[in-house]
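Below, each chain spelled out in residue letters.
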Amino acid sequence: MRNAGVDGDARARRVLRALLGLYPPSFRRGLGEDLVETALFRRQESRRRHPIIGGLRFWLTEGARFAFDGLLERVQAWPSISDELRHAWRQLRRAPSQQALAIVTLALGVGATIGVATLADAIVFRPLPFADAHRLYLIHARFGSTELSSNSLPNLRDLQASVKTMSWLAGASDRSPALADEAADAERISVLDVTDGYLPALGARRHAGRPFNERDYAAGAARVAIVSHALWHRRWGGNSSVLGNSVRLNGMPYTIVGVMMPAFRDPEPIESGAATGMWVPARTGDFKDRDDYGFRVLGRLTDAVTAGSAAQELTQAGRRLAAAYPAENRVDGADLDFVMHPLHEMTVAGARERVLLVLGAVVLLLMLACANAANLFLARGVSRSLELAVRSALGATRPRLAFQLFSETLLTAVIAGAVGGLLGIAGVRAFVAAAPAGVPRLHEFGLDLRVFGVAAGLTALTAVMFGVLPALRAAREASAKGSAGARTTESKQGQRLQATLVAVEVAISLVLVTSAALLLGSVRHLLNVPPGFDAANVTAVDVRPPFGARTQEGTRIYHAELLERAAALPGVARAALAYSAPGTPGGAWTRVTPDSGMPSTRGSEPSRAPAYGLSPGPDFFFFNAVSPEFFEVLRIPLHAGRLFERVERGPFEVILNESAARRFFPGVDRPLGRRIALGAPDSIAPMREVVGIVGDVRQRGPVRDPEPQIYLPYWQRDVNRLGLLIQPRAGAIVRSEDIRRMVREVAPDVPVDRIEPVAARYEATSAQTRLLASLLTVFAVVGLLLAAIGTYATVSHAFSRRVKEVAIRLTLGAPASGVFRLVLRRALSVAAIGIAAGLALTFLLSRFLEGQLYGVTTRDPLTTGGAVLGIAASVAIAALGPAIRAARVDPNKVLRQM
């Protein structure tokens with residue numbers, strides 16, 4: 001028992017001595033052991049009075065008081081925070097240029113990080129604004145290697161009845177009809193035909209009116225619609241009397257029964273490229289064809305069900321539908337299969353890599369800014385060694401000195417955080433205003449408390465990581481040296497630390513500069529890629545035929561009149577019609593059967609390409625219905641044969657581009673007179689004679705290689721829309737008002753969807769690449785500037801600390817040029833270490849950049865060499881000023897002051 005008591009006392013002594021660390025050092029040195037012995041005595045007394053619970057009672061009372069008194073003594077020993085902050089403010093005002101440099105450095109890093117982190121959160125990381133968004137999936141139809149982003153409504157109905165692993169399945173079909181009523185001119189809007197349950201499942205709430213009911217979906221029911229909050233305000237001024245009013249969509253009457261809440265937006269892969277303006281019920285009978293694949297299907301996994309189980313059930317459902325309806329659900333011997341894609345992944349897939357790349361770049365920029373700030377803080381602490389040593393000699397403790405420096409650092413970081421927060425907010429707003437088309441979730445960008453939380457966290461992290469260490473170091477050296485510390489030169493450890501920070505800045509700057517240079521090289525390559533056409537001064541006009549002309553003959557008459565009137569506009573040299581101008585998203589795709597017997601696949605040709613980056617399959621080819629003037633307006637060269645002749649009842653003809661001619665007739669130099677059919681061999685599509693071969697056109701932008709393209713006379717193809725291409729005469733200007741007036745004269749209720757230069761539309765295909773290059777270029781310039789500032793501050797500080805050494809060297813006969821070279825060589829040697837580390841880091845990170853490069857590689861020696869030379873030149877320029885001052889030192893004046 002005695003041994004147990006002795007062991008208990010030893011353990012208690014160790015615990016009390018550990019708690020003694022809560023007390024200030026001066027208190028521990030004077031009264032620490034006495035306090036421990038007193039506490040041990042009280043513990044023994046407690047155990048004697050209460051043998052069973054005496055020890056526990058001591059720790060809950062006396063032991064807790066022992067620890068609390070230590071914290072209280074520690075707080076009382078610390079200086080007043082308000083006094084230290086006032087002193088820190090005086091120090092900031094005493095050296096405004098140095099403090100401004102530190103504030104600007106940190107503000108740039110914090111601001112860029114806040115802005116990019118906000119964008120990355122909105123695009124990639126934030127969950128979609130729907131209940132259980134992580135369980136939402138898009139259900140695609142697949143036939144062998146061909147995957148479609150849509151399904152038919154009858155198939156969806158069968159899935160709703162049979163699939164149990166999905167808590168709900170719903171669909172939506174997008175279209176863009178013309179909206180007309182008495183409120184304003186006709187306009188094109190995005191409309192969704194939705195199945196029952198679609199809006200409630202996504203949590204859609206109404207601002208006014210009623211929801212759709214079961215009767216609205218019945219065949220022959222009155223047509224009703226719910227309008228978006230934005231359209232309600234823009235077209236009807238937010239007037240609630242619009243409820244019950246009738247509007248026309250492509251000439252069909254619809255009664256408005258509700259207005260959606262402003263916050264609701266459809267999942268972006270279901271939209272047709274613009275925010276939905278109106279939702280209407282998908283009525284039974286309007287979509288009765290099982291092979292009409294026009295519905296995007298969305299589903300939510302049932303709780304406790306895995307995606308794998310749901311995929312297996314969907315595959316089995318596809319097989320049952322293929323067996324029950326082989327004519328509609330089996331293509332080329334491949335049965336219908338259903339494929340699940342997470343909705344979030346489909347929404348952000350196109351932008352994820354670019355966003356993460358920019359986020360990585362801004363993290364490097366923040367590290368560079370912090371390293372620069374740490375260098376400035378370190379130099380400030382060393383330069384104030386005299387002041388700190390005097391205060392230490394007068395009795396200031398090491399914690400007091402460290403807290404003084406830390407309070408100055410904290411105040412600097414708080415100011416920088418506030419400025420950086422404002423810069424981040426401005427950056428987000430500028431990005432939203434200038435963002436190119438195709439950036440997902442753009443409407444969700446906004447500022448909330450998390451932005452300011454990020455700003456506060458970055459500020460605190462910067463102050464702790466890059467303010468505490470220099471402050472502790474300066475306080476330790478001041479306490480150790482006392483008043484003599486002011487007369488000593490800077491320690492080797494301090495010099496190495498500053499040199500290391502500069503090397504880190506140079507390495508990070510090299511990564512940023514190299515990445516930006518590679519992306520700029522990609523942009524330069526894209527700009528120099530020949531598009532295959534010349535769209536100078538050519539304007540594209542998107543317009544569709546009136547709803548009443550939707551027969552093949554009516555559409556042909558409308559387009560012919562539109563072309564004739566456009567060619568007669570003042571200042572117009574030529575006008576043409578085309579289903580798809582270069583750079584236009586989407587397009588028409590078909591299968592091809594050449595008369596050469598080339599193996600081909602069977603099946604009906606789709607009316608459009610599968611959307612959102614899905615492959616239309618290896619046997620689908622792009623075709624374009626055009627007028628004969630199309631090739632002249634865009635200056636597409638004719639390599640062989642002839643262009644179309646306007647003989648509307650003539651033979652069926654096609655024109656192929658070079659890639660299509662090689663693809664369909666390999667080994668044939670000029671396949672003029674050969675024939676192809678658009679569709680499978682057993683289809684009723686007529687054989688068409690190849691009458692011309694034209695040059696390749698990069699239809700989908702400079703990023704993609706030319707693809708096989710087939711051109712048809714527009715009067716031989718039933719198309720639902722043809723756009724105008726207008727080429728003005730030399731020096732003439734064709735006004736948009738004249739174009740719109742001309743369209744209204746041809747068809748009063750037809751809105752002009754868009755008027756823009758073809759060149760701008762084509763350049764928009766690579767807009768996101770140019771935006772990425774611009775962002776990284778800005779980061780690289782800022783990084784280069786910060787590295788130069790860090791180099792200048794370090795070299796200048798080192799020279800000021802070694803001015804006596806320089807004076808002695810000059811007195812002993814060292815030439816001024818030698819001193820100049822010495823300072824410059826030391827700066828470049830540090831830069832060389834940073835460049836070597838930067839090259840290694842660039843090599844490790846290059847694989848994250850490869851997918852964004854076009855025409856250049858990450859191993860491009862010219863780009864890397866140019867970046868190295870640029871970094872070395874900036875370091876040399878930054879060190880030039882201190883080197884010149886060192887060479888001009890007057891040794892007599894310096895030595896007299898010693």
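Because the structure is a prediction, the values reported are computed rather than measured.

## Quick notes on the overall build of the chain
In step 1: When you go through the chain residue by residue, the secondary structure sums to 25 helices and 26 strands.
In step 2: By residue count, 50% of the 898 residues in the chain fall in the buried class.
In step 3: Contacts spanning at least 24 positions in sequence make up 81% of the contacts within the chain whose residues lie at least 6 apart.
In step 4: Carbon and sulfur atoms provide 59% of the accessible area of the chain, an area that totals close to 41,400 Å².

## Re helix α8 (residues 229-236)
In step 1: The complete set of buried residues in α8 reads His229, Leu231, Trp232, Arg235 and Trp236. Down the axis, α8 shows its buried residues gathered within 165° of arc, on one side only. Exposed residues lying more than 90 degrees from the buried face of α8 are Ala230 and Arg234.
In step 2: Of the residues flanking the end of α8, it is glycine 237, one or two places downstream, whose phi is positive at about 65°.

## Digging into a nonpolar patch on the surface
In step 1: Taken together, the side chains of Phe843, Leu844, Leu845 and Phe848 make up a nonpolar region of the molecular surface, amounting to roughly 410 Å² of accessible area.
In step 2: On the secondary structure map, leucine 845 appears in helix α23 (residues 816-845).

## Overview of the packing of aromatic side chains
In step 1: Per the stated rule, a full pass over the model turns up eleven aromatic pairs.
In step 2: For the ring pair phenylalanine 533 and tyrosine 762, a centre distance of 5.2 Å and an interplane angle of 90° mean the geometry is edge-to-face. Of the two residues, phenylalanine 533 is situated in the loop between α15 (492-528) and β15 (539-543) and tyrosine 762 in helix α20 (residues 758-763); the sequence distance between them amounts to 229 residues. One exposure class covers both phenylalanine 533 and tyrosine 762, and it is buried.

## A few points about the confidence of the model for the chain
In step 1: Averaged over all residues, the pLDDT of the chain equals 80, while 81% of them reach at least 70.
In step 2: Confidence scores differ between elements of the chain, with helix α4 (residues 81-94) showing the lowest mean pLDDT of 60 and strand β8 (residues 224-227) the highest of 96.
In step 3: In the predicted structure, residues 483-489 sits below a pLDDT of 50 and forms nine contacts with residues beyond four places in sequence or in another chain.

## Some words on the packing of α23 against helix α24 (residues 861-887)
In step 1: Orientation of α23 relative to α24, taken along the N-to-C sense of each, is 150°, at an axis distance of 8 Å. On the basis of their axis angle, the class for α23 and α24 is roughly antiparallel. Judged by the twist between their axes, the crossing of α23 over α24 is right-handed.

## Observations regarding unusual backbone geometry
In step 1: Located in the positive-phi region is alanine 304, a residue other than glycine, with phi close to 70°.
In step 2: Here alanine 304 is to be found in the loop between β12 (296-301) and α9 (307-324).

## A few points about the nonpolar core
In summary, soluble globular proteins display a tendency toward joint burial of nonpolar side chains.
In step 1: Counting residues in each nonpolar core, the largest one holds 66 residues, and the members touching the most others are Phe630, Phe631, Leu634, Leu656, Ile710, Tyr711 and Leu725.
In step 2: Looking at this core element by element, the count peaks at five residues for strand β16 (residues 572-578).
In step 3: Leaving out residues up to four positions away in the same chain, tyrosine 711 has contacts with Asn624, Val626, Phe630, Phe631, Phe644, Glu653, Val654, Ile655, Val694 and Val697.
In step 4: The next biggest cluster of nonpolar side chains, apart from the first, holds 50 residues, and it includes Ala351, Val355, Phe779 and Ile871.

## Topic: the pattern of salt bridges
In step 1: All chains considered together, the criterion is met by 30 salt bridges.
In step 2: For glutamate 37, the salt bridge goes to arginine 13, with nearest N and O atoms at 2.4 Å. Taken together, the residues glutamate 37 in helix α2 (residues 25-49) and arginine 13 in helix α1 (residues 2-19) connect sequence positions 24 residues apart.
In step 3: Residue classification places glutamate 37 among the partly exposed residues on the basis of a relative accessible area of 37%.
In step 4: Assessed through its relative accessible area of 26%, arginine 13 is described here as partly exposed.
In step 5: We note a salt bridge from arginine 565 to glutamate 561, for which the minimum N-O separation is 3.9 Å. With a gap of four residues between them, arginine 565 and glutamate 561 both fall in helix α16 (residues 552-567), about one helical turn apart.

## As for the pairing of strand β1 (residues 136-143)
In step 1: With seven of eight residues buried, β1 lies mostly within the body of the structure.
In step 2: Note that β1 and β12 share four bridges and pair antiparallel. Bridging across to β12, leucine 136 finds its partner in arginine 300.
In step 3: Pairing between β1 and strand β14 (residues 334-342): seven bridges, direction antiparallel. The residue of β14 that forms the bridge with histidine 140 is valine 339.
In step 4: Here β1 hands over to strand β2 (residues 146-148) after two residues, with glycine 144 in that stretch at a positive phi of 65°.

## Description of α23
In step 1: Taking 1.5 Å per residue as the helical rise, α23 with its 30 residues ought to reach 44 Å, and the 43 Å between its terminal C-alpha atoms agrees with that figure.
In step 2: All of the buried residues along α23 are Val819, Leu822, Val823, Leu824, Ala827, Val830, Ala831, Gly834, Ile835, Gly838 and Thr842.

## Regarding the pairing of strand β21 (residues 653-657)
In step 1: Counting buried positions over the five residues of β21 gives five, a clear majority of the element.
In step 2: Sheet topology note: the β21/strand β24 (residues 709-713) ladder contains two bridges and is antiparallel. Among the inter-strand pairings, isoleucine 655 is bridged to a residue of β24, identified as tyrosine 711.

## Considering the packing of helix α6 (residues 153-162) against α9
In step 1: Their axes nearest at 11 Å, the elements α6 and α9 cross at an angle of 130°. Our classification of the angle between α6 and α9 gives oblique. The two elements α6 and α9 cross, and the hand of that crossing is right-handed. Note on element contacts: α9 touches α6 through Glu313, Leu314, Ala317, Arg320 and Leu321, opposite Asn155, Asp158, Leu159 and Ser162.
In step 2: Of the residues assigned to the contact of α6 with α9, the class counts are four nonpolar, two polar and three charged.

## Remarks on the environment of leucine 301
In step 1: You can see leucine 301 is positioned in strand β12.
In step 2: Taking the relative accessible area as the measure of exposure, leucine 301 reaches 5% and is therefore buried.
In step 3: Separated by 135 residues in sequence, leucine 301 and methionine 166 place their C-alpha atoms 4.5 Å apart.

## Digging into the side chain of aspartate 193
In step 1: Within the secondary structure layout, aspartate 193 lies in strand β6 (residues 190-194).
In step 2: Only 2.6 Å separates the side chain of aspartate 193 from the side chain of arginine 175, close enough to count as a polar contact.

## Brief notes about the environment of lysine 288
In step 1: Summarising the element assignment, lysine 288 is placed in the loop between β11 (276-281) and β12.
In step 2: Lysine 288 gets classed as exposed once you look at its relative accessible area, which sits at 64%.

## Concerning the side chain of arginine 43
In step 1: Along the polypeptide, arginine 43 turns up in helix α2.
In step 2: For arginine 43, a relative accessible area of 7% puts it in the buried group.
In step 3: When sequence neighbours within four positions are dropped, the list of residues in contact with arginine 43 reads Gly8, Asp9, Ala12, Phe58 and Trp59.

Conventions used here
- Residues numbered from 1 in each chain as written.
- Predicted model: local features only at pLDDT ≥ 70, side-chain atom pairs only at ≥ 80, totals over all residues.
- Heavy atoms only, no water.
- Helix = DSSP H or I, 4+ residues; strand = E, 2+ residues; numbered from the N terminus.
- Buried < 20%, exposed > 50% of the residue type's maximum accessible area, 1.4 Å probe, protein only.
- Contact = heavy atoms within 4.5 Å.
- Areas by Shrake-Rupley, 256 points an atom, 1.4 Å probe, with all protein chains shown as cover.
- Arc of directions from axis to C-beta.
- Patch = residues over 30% accessible without salt bridge, like charges linked within 9 Å, V, L, I, M, F, W, Y side chains within 5 Å.
- Salt bridge = Lys/Arg side-chain N within 4 Å of Asp/Glu carboxyl O.
- Phe/Tyr/Trp six-rings, centres within 6.5 Å; stacked < 30°, edge-to-face > 60°.
- pLDDT = per-residue confidence, 0-100.
- Axes fitted to C-alpha atoms, helices over the stretch in contact; angles between N-to-C directions.
- Parallel < 35°, antiparallel > 145°, perpendicular 65-115°, else oblique.
- Left-handed = near helix turned anticlockwise from the far one by under 90°.
- Core = buried A, V, L, I, M, F, W, Y, C linked by side-chain atoms within 4.5 Å.
- Pairing = 2+ DSSP bridges.
- Expected span 1.5 Å × (residues − 1).
- Nonpolar A, V, L, I, M, F, W, Y, C, P; charged D, E, K, R; others polar.
- Polar contact = N/O pair within 3.5 Å; in protein donor to acceptor, adjacent residues only side chain to side chain.

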